[in-house]
2 protein chains.
Amino acid sequence: MGMFTRDIKTMNDLFVHQLQDIYYAEKQLVKALPQMADKAADKQLKDGFLTHLEETKTHVQRLEEVFRMCGAEIKAVDCPAIDGIIEEADEVAGEIADKSVLDAALINAAQAAEHYEIVRYGSLIAWARQLGRNDCASILQKTLDEEKITDKKLTSLAEGKVNLRAAG
Amino acid sequence: MGMFTRDIKTMNDLFVHQLQDIYYAEKQLVKALPQMADKAADKQLKDGFLTHLEETKTHVQRLEEVFRMCGAEIKAVDCPAIDGIIEEADEVAGEIADKSVLDAALINAAQAAEHYEIVRYGSLIAWARQLGRNDCASILQKTLDEEKITDKKLTSLAEGKVNLRAAG
């Protein structure tokens, strides 16, 4: 989509644009999650990142399915937000000396990505319903549910163990 | 904080770093919200952005209070995540021809910022409690509560009115 061309004329255009944005984001996360797993010291956190990597690959496939259902080209557009979230995660991780403190920061970074996705999928689902595409909405809902579960697991891990160790 | 110097050695260091990050983010939002209000066509959305601008100014002051309580320098560090979220909001807004569709996109953009803050404040509060600083946690909690209320209001506005109009 070109700059200043005002290519988004309808809600359906906005829906497809947002699909392209989150498609890019999910693909970036497929690259970032193994690196986060490498950096994690806590075994449960490391495993959690790897489990979520597999889920994220499924999220990419679901988006491709929704593109096809809408008759839209499967395409990614740059998503400066997810790039910023991943860049910030790398920066802060590079500044941390202590492994337990790093785990706390990794959880925080992962939750920023989760919440970004929660917002985007939330809007996509609402827009799909408004556009009469409950079939697309229900596929996207599966992913949203998984993102929310991952976010809750990260909170439990932080508050139940990682933060305690990091502050110790 | 220098690159590759691994200046974050303790959870308290991480807490202060995150304060500096969200301090930058809140100040960027103080600049961005009037522009979002200018772009909004729906009167309730415009007013909502302006109300949240006033709240955001209070959030900046609360962060300054927490810096002082921790004996830390009041300082912002670059936050690529919020920069990316704002950049993406500007980009997508620049591509939208229809005012009602633009309102739907503005809400989505604002919710990305809200959720970014919800994650960061959530972690800051958990870390403050872990560090025995319930006094700092309770100040940050006030802001978190306001961010969550703003997010809910945006969802209601989208689903109750703006999306319907955008799809019409």
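Located above this text is the structure these notes cover.
Residues numbered from 1 in each chain as written. Chains lettered and ligands numbered in written order. Predicted model: local features only at pLDDT ≥ 70, side-chain atom pairs only at ≥ 80, totals over all residues. Heavy atoms only, no water.

A. Quick peek at the overall build of chain A. What chain A contains, in helices and strands, is 5 helices and 0 strands. Relative to the globule expectation of 15 Å for 168 residues, the C-alpha radius of gyration of chain A, 17 Å, shows essentially globular dimensions. The principal-axis extent of the C-alpha atoms belonging to chain A is close to 55 × 30 × 20 Å. Every one of the 168 residues in chain A was classed for burial, and the buried ones make up 55%. (Helix = DSSP H or I, 4+ residues; strand = E, 2+ residues; numbered from the N terminus. Rg over C-alpha atoms; globule rule 2.2 N^0.38 Å. Buried < 20%, exposed > 50% of the residue type's maximum accessible area, 1.4 Å probe, protein only.)

B. Representation of the interface of chain A and chain B. Counting residues at the interface gives 50 residues for chain A, matched by 50 residues for chain B. Here chain A and chain B share an interface that buries about 4,100 Å² over both sides, 58% of which is from carbon and sulfur atoms. For the chain A face of the interface with chain B, the top three residues by lost area are A:Glu88, A:Glu95 and A:Asn108, together amounting to 17%. As a salt-bridge pair, A:Arg120 and B:Glu88 come within 3.0 Å of each other at their nearest N and O atoms. Our count for the chain A to chain B interface comes out at 21 residue pairs in polar contact (both at pLDDT 80 or more). Put simply, the parts of the chain that give the side of chain A that touches chain B at least two residues each are helix H1 (11-39), helix H3 (80-94), helix H4 (99-130) and helix H5 (134-167) of chain A. (Contact = heavy atoms within 4.5 Å. Buried area = accessible area lost by both parts, 1.4 Å probe. Salt bridge = Lys/Arg side-chain N within 4 Å of Asp/Glu carboxyl O. Polar contact = N/O pair within 3.5 Å; in protein donor to acceptor, adjacent residues only side chain to side chain.)

C. Just the side chain of B:Asp21, in detail. Turning to its location among the elements, B:Asp21 is positioned in helix H1 (residues 11-39). B:Arg120 provides the closest opposite charge to the buried, unpaired B:Asp21, separated from it by 4.1 Å. Sequence-distant contacts of B:Asp21, that is, excluding residues within four places in its chain, are made with A:Glu88, B:Val77, B:Asp78, B:Cys79, B:Tyr116 and B:Arg120. (Lys, Arg positive; Asp, Glu negative; His and termini not counted.)

D. Highlighting H4(A). Residue and element names in this part refer to chain A. Compared with the 46 Å implied by 1.5 Å per residue over 32 residues, the 46 Å span of H4 between its first and last C-alpha is a close match. Measuring from the side-chain oxygen of the N-cap residue of H4 to the backbone nitrogen of Ser 100 gives 2.9 Å; that N-cap residue is Asp 98. In the segment just after H4, Gly 132 is the residue with positive phi, at about 75 degrees. (Expected span 1.5 Å × (residues − 1).)

E. Focus on the nonpolar core. By size, the foremost hydrophobic cluster in this structure holds 122 residues, and its most contacted members are A:Phe15, A:Ile82, B:Phe15 and B:Ile82. The contacts of B:Phe15, once residues within four sequence positions are left out, are B:Val66, B:Cys70, B:Leu124, B:Trp127, B:Ala128, B:Leu131, B:Cys136 and B:Leu140. (Core = buried A, V, L, I, M, F, W, Y, C linked by side-chain atoms within 4.5 Å.)

F. Quick look at the relation of the copies chain A and chain B. The transform that puts chain A on chain B rotates by 180 degrees and translates by 0.0 Å along the axis, for an RMSD of 0.0 Å. Here the two chains are linked by the operation of a two-fold rotation axis. In terms of proximity to the rotation axis, the leading residue of chain A is A:Gly84, whose C-alpha is 2.6 Å off the axis. Both copies present the same face, since 100% of the interface residues in chain A are matched by interface residues at the equivalent positions in chain B. (Least-squares fit on C-alpha atoms with pLDDT ≥ 70 in both.)

G. Looking closely at the environment of A:Asp7. Residues and elements named next belong to chain A. The topology assignment puts Asp 7 in the segment before H1. In this structure Asp 7 comes out as partly exposed when scored by relative accessible area, which is 34%. Between the C-alpha atoms of Asp 7 and His 17, which are 10 residues apart in sequence, the distance is 9.7 Å.

H. Region of the structure containing the pattern of salt bridges. Across all of its chains, the model carries 16 salt bridges over all chains by this definition. Salt-bridge contacts for A:Arg133 lead to A:Asp135; the nearest nitrogen and oxygen are separated by 2.9 Å. Here A:Asp135 falls in the partly exposed class, since its relative accessible area comes to 34%. Salt-bridge contacts for B:Asp42 lead to B:Lys161; the nearest nitrogen and oxygen are separated by 3.0 Å. Taken together, the positions of B:Asp42 in the loop between H1 and helix H2 (43-69) and B:Lys161 in helix H5 (residues 134-167) put the pair 119 residues apart, joining distant regions of the chain. Overlapping salt bridges, with partners in common, bring together A:Asp42, A:Lys161 and A:Arg165 in one network.

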